[in-house]
Amino acid sequence: DPQFANVRAIMLDPSCSGSGIVNSPDRWMEEGDGAAKKDKKRIESLSNFQLVALKHAMSFPNVDRIVYSTCSVHEEENEGVVSKALSEAEYGDSKKE
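About the thresholds
- Residues numbered from 1 in each chain as written.
- Predicted model: local features only at pLDDT ≥ 70, side-chain atom pairs only at ≥ 80, totals over all residues.
- Heavy atoms only, no water.
- Helix = DSSP H or I, 4+ residues; strand = E, 2+ residues; numbered from the N terminus.
- Buried < 20%, exposed > 50% of the residue type's maximum accessible area, 1.4 Å probe, protein only.
- Contact = heavy atoms within 4.5 Å.
- Areas by Shrake-Rupley, 256 points an atom, 1.4 Å probe, with all protein chains shown as cover.
- pLDDT = per-residue confidence, 0-100.
- Pairing = 2+ DSSP bridges.
- Salt bridge = Lys/Arg side-chain N within 4 Å of Asp/Glu carboxyl O.
- Phe/Tyr/Trp six-rings, centres within 6.5 Å; stacked < 30°, edge-to-face > 60°.

## Points about the overall build of the protein
Along the protein, the regular secondary structure elements total two helices and two strands. Mapped from its N terminus to its C terminus, the protein presents α and β elements in the order β-α-β-α. In the protein, which comprises 97 residues, the proportion classed as buried is 27%. Partitioning the contacts of the protein with sequence separation of at least 6, the portion at a separation of at least 24 is 78%. Accessible surface for the protein amounts to roughly 7,300 Å². Of this, 53% is attributable to carbon and sulfur atoms.

The following block contains the structure:
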């Protein structure tokens, strides 16, 4: 879209598990054996969405800086997403040559 051609910086604050919020109401809603499995699926789903959002931000042609921020303490939603996006971008760049 031409109206976004000159975007140089993006602040990306995608939906996340909220695990880093001290008084998160979600933290107390479910407990037990099934909760851990459900949490794992939720984090996986969220990290997939976060990856898509980050890769979209990286697709803007003139972007110099992207700030990626979540309120999660889970590696899967933070370092994992950024690492995978950078890895896929690097692979994509070398594939074009």
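## Concerning the confidence of the model for the protein
Taken residue by residue, the protein gives an average pLDDT of 87. The fraction at 70 or more is 82%. The spread of mean pLDDT over the elements of the protein runs between helix H2 (residues 79-96), the lowest at 82, and strand S1 (residues 9-12), the highest at 98.

## Side note on the environment of Val81
The residue Val81 is located in helix H2 in this model. Under the relative-accessibility criterion, Val81 is labelled buried at 3%. Residues Val81 and Asn48, 33 residues apart in the sequence, show an inter-C-alpha distance of 8.0 Å. For Val81, the residues in contact, after removing those within four places along its chain, are Ser47, Gln50, Leu51, Leu54, Tyr68, Glu75 and Glu76.

## Section: the pairing of S1
Only one face of S1 is covered, namely the face carrying Ile10 and Leu12; the face carrying Ala9 and Met11 is uncovered. As paired strands, S1 and strand S2 (residues 65-68) are joined by four bridges and run parallel to one another. Within S2, the position partnered with Ala9 by the bridge is Arg65.

## Regarding the pattern of salt bridges
Any two side chains of opposite charge can pair if their charged atoms end up close together. Taken as a whole, this structure holds two salt bridges when the rule is applied. With a closest N to O distance of 2.1 Å, Asp64 and Arg8 form a salt bridge. One end of the pair, Asp64, is in the loop between helix H1 (33-58) and S2; the other, Arg8, is in the segment before S1, and 56 residues separate them in sequence. Each of the two residues, Asp64 as well as Arg8, counts as exposed. Residue Lys55 is joined to Glu88 by a salt bridge in which the shortest nitrogen-to-oxygen separation is 2.5 Å.

## Side note on the packing of aromatic side chains
Applying the stated criterion across every chain yields a total of one aromatic pair. Ring centres of Phe4 and Phe60 lie 6.3 Å apart, and the angle between their planes is 70°; on these two criteria the pair is classed as edge-to-face. Remark: Phe60 occurs in the loop between H1 and S2 and Phe4 occurs in the segment before S1; sequence separation between them is 56 residues. Note on Phe4: relative accessible area 38%, which makes it partly exposed. The buried category is assigned to Phe60, whose relative accessible area is 19%.

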